[in-house]
Amino acid sequence: MAARKSTAKSNVSADELKTYYREMLLIRRFEEKAGQLYGMGLIGGFCHLYIGQEAVVVGLEAAAEEGDKRITSYRDHGHMLACGMEPGGVMAELTGREGGLSKGKGGSMHMFSKEKHFYGGHGIVGAQVPLGAGLAFADKYKGNGRVTFTYFGDGAANQGQVYETYNMAQLWELPVVFVIENNQYAMGTSVQRSTKSPSLWERGAAYGIAGEEVDGMNVLTVKEAGERAVAHCRAGKGPYILEVNTYRYRGHSMSDPAKYRTREEVQKMRSERDPIEQVRDMLLTGKHASEDDLKAIDKEIKDIVNQAADFSKESPEPALEELWTDIYA
């Protein structure tokens, strides 16, 4: 299988570019606010931020159609916002309030939305991969032409259940896009130290699964690769693997000081390859938007995030009887 590294830029309209800018900025500002609330003690437990990886999910959602499904791991707030889940409901879930999308009982890692076909963040590393294939199996069984985006990271790519799933997905020609969000460090171990494989997507070759490597800091490149992947799946050719090379600016979780990399490395990525700044530059240099236009978008996003934070603080805590709902026994 010939390696393909996607770097091309799609032809998109000014309105589409503005949409991607707005959606990535919403994720960035939302996550920054979530970090603040965590620091204030309003968010408990674990909290994994998506800052730096915004182009991955925004680009792939641009390639999705209504009815397509998505499932991911615990770095999931960006995925929720990108598929249209309400920012206030997401933030209230983080703070464990009644107005949260899982009634305040799931927290950062366990939110779902049947309406948006979002089947959760999952705390067990790699557990969502076979679940994602199961969602795709249901769609193949129904013959409805839908595709499932199954996201996991470079750390989860070494889990055995991933390869069991690859085998079954290819055997049954399931319409699933396996998205490896390779942010280079798993929890804190660099890819170079955790695997001898030169790439992660090519491991699918053992099962005959097609795929490619993608620049995950460029939203247009991700969108273009996503369109190839969903076309492959919708044509009944089975699964597709996208290894999307990205980078998280913060630690693995809020409790991670990230001492396994230098401050200079993070700053270099921010200054040279930031996904939001790339789109901002395209809009300004292509005269698709003025500084004032972008300031208006920035203000709108800031207002949305502040309203979400206010809602998350004002929403009451779940009633005690909620301890006994949504459980088996």
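Structure: see above.
Residues numbered from 1 in each chain as written. Predicted model: local features only at pLDDT ≥ 70, side-chain atom pairs only at ≥ 80, totals over all residues. Heavy atoms only, no water.

Q: Kindly report on the packing of helix H4 (residues 87–94) against helix H11 (residues 291–314), identifying the contributing residues and their values.
A: Close contact between H4 and H11 brings their axes to 8 Å; oriented N to C, the two are set at 45 degrees. With respect to their mutual orientation, H4 and H11 come out oblique. As H4 runs across H11, the sense of the crossing is right-handed. Residues Pro87, Gly88, Gly89, Met91 and Ala92 of H4 touch H11, and the partners they reach there are Ile304, Ala308, Ala309, Phe311 and Ser312. Its residues placed into classes, the contact of H4 with H11 shows seven nonpolar, three polar and no charged. (Axes fitted to C-alpha atoms, helices over the stretch in contact; angles between N-to-C directions. Helix = DSSP H or I, 4+ residues; strand = E, 2+ residues; numbered from the N terminus. Parallel < 35°, antiparallel > 145°, perpendicular 65-115°, else oblique. Left-handed = near helix turned anticlockwise from the far one by under 90°. Contact = heavy atoms within 4.5 Å. Nonpolar A, V, L, I, M, F, W, Y, C, P; charged D, E, K, R; others polar.)

Q: Explain the pairing of strand E4 (residues 148–153) to me, using residue names and the numbers behind them.
A: Summarising burial for E4: five of the six residues are buried, a large majority. Bridge analysis of E4 against strand E5 (residues 176–182) gives six bridges, and the strand direction is parallel. Paired with Phe149 across the bridge in E5 is Val177. Crossover handedness for the path E4 to helix H6 (residues 160–171) to E5: right-handed. (Buried < 20%, exposed > 50% of the residue type's maximum accessible area, 1.4 Å probe, protein only. Pairing = 2+ DSSP bridges. Right-handed = clockwise from strand over helix to strand, strands pointing away.)

Q: Would you mind going over H11 in detail, with residue names and values included?
A: With 24 residues, H11 should cover 34 Å at 1.5 Å per step; its first-to-last C-alpha distance of 34 Å lies within 8% of that length. For H11, the complete set of buried residues consists of Leu294, Ile297, Ile301, Val305, Ala308, Ala309 and Ser312. Taken together, the buried residues of H11 touch helix H1 (14–39), H4 and helix H10 (275–285). (Expected span 1.5 Å × (residues − 1).)

Q: How would you sum up the pattern of salt bridges? Please name residues and give values.
A: For the coordinates displayed, the defined rule picks out 21 salt bridges. Measuring nitrogen to oxygen at the nearest pair gives 2.8 Å for the salt bridge that ties Arg70 to Glu61. For Glu272, the salt bridge goes to Lys268, with nearest N and O atoms at 2.9 Å. In this pair, Glu272 and Lys268 both sit in helix H9 (residues 263–273), four residues apart, roughly one turn of the helix. (Salt bridge = Lys/Arg side-chain N within 4 Å of Asp/Glu carboxyl O.)

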